[in-house]
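Reading the structure
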Amino acid sequence: MNIKKTANLLLNFTYRRLTEIFGVIVFIAGILLLTSLISYSPADPNFIFPENTEIKNILGFKGSFISDLFFQSVGLISYLISFTFIFTGINIFRNKEFFLIIENTFFAIVYSIFGTLFISYFYSDTFTLYINGNGGFVGVALNETFLSLVIKFNELISYYVLIFIIIFLFAISINFNLFKIYSVLQNFLNLFNKRKTKNYTH
């Protein structure tokens, strides 16, 4: 019996199961965050008015606090963050890579910076009573820096450049791979064509 080989197999098995469990946890965290954001109500208890007892958030007291924290800090970009965690959890489970969470969280932070700046500058008005506006206090702070002057230099170009940067970084944060999708579609079409040819021959 090769003890070293058995130990390696055991370690590999343990590592794969742990990454799968971690992936499921990240996925569930993303789903819970999205749920709390969707069911957010300004009337729910939050950091400013914690004494309100009537809670409309589906996740209750914790959901109202978490959603309020995200909306007040980074605003509407919070929705993208929840999707980043959902897809990261799926990819960790599939690819068995722990460090995807670090990599994807980094890109989420970067696109959040550009996203809050974009929303605060171009869509600052809020219709859901976010105290810090649609871009959160991060967006408000960024709008008070030299970055707003850069945007003002050419608002039209800045508008589309920021949209491109946000979408591009979000795509990276969910491990979106255009070549992989093209490869899957190509394989599917090849399989479809083979079956079609087979039916004609019969």
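Data block above holds the structure.
Residues numbered from 1 in each chain as written. Predicted model: local features only at pLDDT ≥ 70, side-chain atom pairs only at ≥ 80, totals over all residues. Heavy atoms only, no water.

Within the protein chain one finds eight helices and zero strands. Scanning the protein chain from its N terminus toward the C terminus, one meets helices and strands in the order α-α-α-α-α-α-α-α. Within the protein chain, buried positions represent 35% of all 202 residues. Considering only intrachain contacts with a sequence separation of at least 6, the fraction spanning at least 24 residues in the protein chain is 67%. A total of about 13400 Å² of accessible surface is found on the protein chain, and carbon and sulfur atoms cover 72% of it. (Helix = DSSP H or I, 4+ residues; strand = E, 2+ residues; numbered from the N terminus. Buried < 20%, exposed > 50% of the residue type's maximum accessible area, 1.4 Å probe, protein only. Contact = heavy atoms within 4.5 Å. Areas by Shrake-Rupley, 256 points an atom, 1.4 Å probe, with all protein chains shown as cover.)

What follows covers the environment of Ser158. By the secondary structure assignment, Ser158 is in helix α7 (residues 155-173). Taking C-alpha positions, Ser158 is 8.9 Å from Phe118, a pair spaced 40 residues apart along the chain. Here Ser158 is in contact with Val150 and Ile151, once residues within four sequence places are set aside. Separated by 3.4 Å, the side chain of Ser158 and the backbone oxygen of Ile151 make a polar contact. (Polar contact = N/O pair within 3.5 Å; in protein donor to acceptor, adjacent residues only side chain to side chain.)

Counting 21 residues, the largest nonpolar core has Ile77, Ile81, Tyr111, Phe118 and Ile151 as the members making the most contacts within it. Every element with two or more residues in this core is listed here: α1 (3-38), α2 (60-74), α4 (100-122) and α7. Looking at this core, the element that brings in the most residues is α4, giving seven residues. (Core = buried A, V, L, I, M, F, W, Y, C linked by side-chain atoms within 4.5 Å.)

Quick look at the layout of surface pockets now. Left-over empty space is what a probe sized like a water molecule reveals as it rolls over the atoms. Here the second largest pocket defines a volume of roughly 180 Å³. The set of elements that each furnish at least two residues to the lining of the second largest pocket consists of α4, α6 (146-153) and α7. Residues belonging to the lining of the second largest pocket are distributed by class as follows: ten nonpolar, two polar and no charged. (1 Å grid on protein atoms, 1.4 Å probe; cavity = no way out; pocket = protein on both sides within 12 Å on 5 of 7 lines; lining within 4 Å. Points joined across faces, edges and corners; volume = space filled by probe spheres on them. Nonpolar A, V, L, I, M, F, W, Y, C, P; charged D, E, K, R; others polar.)

Now for the packing of α4 against helix α5 (residues 136-143). Between α4 and α5, whose axes approach to 8 Å, the crossing angle comes to 75°. When the axis of α4 is compared with that of α5, the two are roughly perpendicular. Taken together, the residues of α5 that come into contact with α4 (itself represented by Ile113, Thr116, Leu117, Ser120 and Tyr121) are Gly136, Val138, Gly139, Val140, Leu142 and Asn143. Across the contact of α4 with α5, the residue classes break down as six nonpolar, five polar and no charged. (Axes fitted to C-alpha atoms, helices over the stretch in contact; angles between N-to-C directions. Parallel < 35°, antiparallel > 145°, perpendicular 65-115°, else oblique.)

Okay, α7 next. The end-to-end C-alpha separation of α7 is 27 Å, in line with the 27 Å expected for 19 residues at 1.5 Å each. Elements that come into contact with the buried residues of α7 comprise α3 (78-95), α4 and α6. Phi turns positive, to about 60°, at Asn175, one or two residues after α7. (Expected span 1.5 Å × (residues − 1).)

Using the criterion set out here, one finds 15 aromatic pairs in the structure. Between Phe122 and Tyr159, the aromatic rings sit 5.0 Å apart at their centres with planes inclined by 90°, giving edge-to-face as the arrangement. One end of the pair, Phe122, is in helix α4; the other, Tyr159, is in helix α7, and 37 residues separate them in sequence. Residue Phe122 is classed as partly exposed on the basis of its relative accessible area of 23%. Residue classification places Tyr159 among the partly exposed positions, given a relative accessible area of 21%. Taken together, the ring pairs in this structure connect Phe118, Tyr121, Phe122, Tyr123, Tyr159 and Tyr160 into an aromatic cluster. For Lys96, the ring lying beneath its charged end belongs to Phe93, and the centroid distance is 5.4 Å. (Phe/Tyr/Trp six-rings, centres within 6.5 Å; stacked < 30°, edge-to-face > 60°. Lys NZ or Arg CZ within 6 Å of the ring centre and 35° of its normal.)

Interpretation in functional terms is not warranted from these geometric data alone.
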